[in-house]
Amino acid sequence: MTLSQVAQKDFEDAVRSRMVWGIIGVFVGFMGFVMLVALSATDGADALGDAALGLTAQLSQLFVPLVALVVGYMAVVGERRSGSLRVLLTYPHSRRDIVFGKLFGRSAVIAIALGVGSTLSLLVATMLVAAPDIGNTTGLIGSIVLFGVAFTGVAVGISASVGTRGRAMALAIGSLLVFLLVWDAAAAGVYAAVTGSLPGLEVEAWYFLLKRLSPVGAFRAIADGFVSGRLGSLFQVGLEQIPQGTTPEQRRLANRVPGALPFYLTNWFAGLTLVAWGVVPAVFGYVRFSQSDI
Amino acid sequence: MVAIRTRGLSKRYSGGLFGSDVTAVSDLDLTVERGEVYGFLGPNGAGKSTTIDMLLNYSYPTEGTVEIFGENIQENPEVIDRRVGVVPEGYGLYDRLSGRRNLEFAIEWQNASDDPAHLLARVGLDADDADRPVGDYSKGMTQRLALAMALVDDPDLLVLDEPSSGLDPNGIRRLRDIIREEASDGTTVFFSSHVLSQVEAVCDRVGILDDGELVAVDTVAGLRETAGASSTLTLTMENPPSPDVVRSDGVSAVDVRGKQLRVTCADARAKAEIIARLVERGHNPIDVGSEEASLSEIFGDYVRGGSAHDDGETATERNTPQQEVAT
């Protein structure tokens, strides 16, 4: 009961602070601008709609984590610093209600903002250039929302586990760098350490699992299915030694691993990974929060 | 029935790798009876807020237990939610929302049926102010609102950490009235202060905390007696009579300086009798002044371990209202 009260209040606050509207505005503006610039340089009118989808997915890798971390990193520690937590706790809210209420509230904010924002920006693309496939569009918007919820979990977890705004901010920026830059390189490093060589065109299946365990990797895996293989890593670290001149067909996941695709490389497993990122960091944050003096 | 009981309550902060540990509260055994008004007194940094934080589960003791209405709060934290109203130290309200909305949230959270207008009137926050956002409030107005929120659902125990800070004299008087009303209603009130006159005015009992330890617990009168504090009657007269005229049982010293007759009484009740006796014998005073030994000097004795209260120099600062203990 009180968990839903906390979630509802948090959501209302976010709406009142126009946070949702700000995110939607920035999302639409940013995406629209980049898309127009990029599309004007592309030719072949038939592929334009799908190119818009691909570009949206590509940019979401950076934009969605950024937005979710900004929206979530102060969720708990903000109330802790302002002292409103001390007031909340004297009413029948437990620390558990507060952390998970915040998680639900902020997740709803992010889900709605990203859902509306990405729908609007794709609508703009449809009107200006060409209509992408409706099924793929819906799928991509769904995966963007799920991706946003996963990073909200990371943000709320960070927020619950620290006592100062500075630490929350440092951890939020740190996690962004880790997931966007370090993770893939580390996966390649682990692969090199185990097998003796950097990953090439054909690799062991578990290498892809390593990459997909990060929320960014899991999102890339799911979204890739909706943009016909156009989705690459946002920052190419160049640690995979793939020969020049390989066709997109050769680079498909099923052709790079030996034998049948294991269950952990399916899309639903990547979906579960995102759900886990939405919950597990918040649970860790709660455990630390429940033991600390506020 | 006991409202608050702590046993061996201690809080130590680790000094880290190179620092030394700091003990904020040490082996505190505190008992607050049901229905009493208990003043928790001590200089800043004595450990009052640390203790209150542990009473409310904001922070956890290194050792010891806290029971509220007989329930161990670490096992049953709900007892705080249900029965305790709090104005904590360093609290914050929702700045963007109006005072009334903040209060309505408190009522809704507590699942209570209080009338916001009634609570606002009790703490003296008028309707116009209640509709403004809390971010625009002065410290005193915020404090009144926080008190209104603590009174939601008629708590059995009211815990107030420095409730008078930021209040004007009017607000302080109202706070005192509210504390008295609540107490007569059977509510236990536990409040901390470093402003002595407030503790003195409303408390049934006072506990003095110094450097994390409870150095004295007694009634205000009892503390006064223990410390041997006395009260002084100063009579200004055209022709002061011989000191022998006023000497009696309750009088410990008589001193004549020019037109002033200073009578030090061990028992404050002796004063009226002295005046009556003087008037009866035709020595009409031009002016009568009376000084009560305040808690301030008694307090000074306990926290500094000295006995500086008996010399003439401290007498001038004895009854300064609102006097604060050195920090």
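Whatever comes next refers back to the structure up there.
Residues numbered from 1 in each chain as written. Chains lettered and ligands numbered in written order. Predicted model: local features only at pLDDT ≥ 70, side-chain atom pairs only at ≥ 80, totals over all residues. Heavy atoms only, no water.

Caption draft 1: Summary view of the overall build of chain B. The number of helices and strands found in chain B is twelve helices and 14 strands. In chain B, 68% of the contacts between residues at least 6 apart in sequence involve partners at least 24 apart. (Helix = DSSP H or I, 4+ residues; strand = E, 2+ residues; numbered from the N terminus. Contact = heavy atoms within 4.5 Å.)

Caption draft 2: Inspection of a nonpolar patch on the surface at higher detail. Side chains of A:F263, A:W268, A:L272, A:V275, A:V279, A:V280, A:V283, A:F284 and A:V287 sit close together on the surface and give an oily, nonpolar patch of about 850 Å² of accessible area. Here A:V279 lies in helix α12 (residues 267-291). (Patch = residues over 30% accessible without salt bridge, like charges linked within 9 Å, V, L, I, M, F, W, Y side chains within 5 Å. Areas by Shrake-Rupley, 256 points an atom, 1.4 Å probe, with all protein chains shown as cover. Salt bridge = Lys/Arg side-chain N within 4 Å of Asp/Glu carboxyl O.)

Caption draft 3: Local environment of the packing of aromatic side chains. As enumerated under the stated definition, the model contains 17 aromatic pairs over all chains in all. Ring geometry for B:Y38 versus B:F190: centroids 5.5 Å apart, planes at 15 degrees, classification stacked. Of this pair, B:Y38 sits in strand β3 (residues 37-41) while B:F190 sits in strand β8 (residues 188-193); the two residues are 152 residues apart in sequence, bridging distant segments of the chain. The same class applies to B:Y38 and to B:F190, which are both buried. A connected cluster of aromatic rings, assembled from ring pairs, spans A:F147, A:F151, A:F179, A:W183, A:F219 and A:W277. The lysine or arginine in question, A:K9, covers the ring of B:F105, its NZ or CZ lying 4.9 Å from the ring centre. Here B:R83 stacks its cationic end above the ring of B:F69, 3.9 Å away from the centre of that ring. (Phe/Tyr/Trp six-rings, centres within 6.5 Å; stacked < 30°, edge-to-face > 60°. Buried < 20%, exposed > 50% of the residue type's maximum accessible area, 1.4 Å probe, protein only. Lys NZ or Arg CZ within 6 Å of the ring centre and 35° of its normal.)

Caption draft 4: Main features of helix α7 (residues 169-184) of chain B. Residues and elements named next belong to chain B. The terminal C-alpha atoms of α7 lie 23 Å apart, and with 16 residues this matches the ideal 22 Å at 1.5 Å per residue to within 8%. Three or more residues of α7 are buried, namely G171, I172, L175, I178, I179, E182 and A183. Projected down its long axis, α7 shows its buried positions confined to an angular sector of 130 degrees, all on one face. The exposed residues of α7 that point more than 90 degrees off its buried face are P169 and S184. Here the buried face of α7 lies against β3, α4 (116-123), α6 (139-150), β7 (157-161), β8 and α8 (196-202). G186 sits one or two positions beyond α7 and adopts a positive phi of about 95 degrees. (Expected span 1.5 Å × (residues − 1). Arc of directions from axis to C-beta.)

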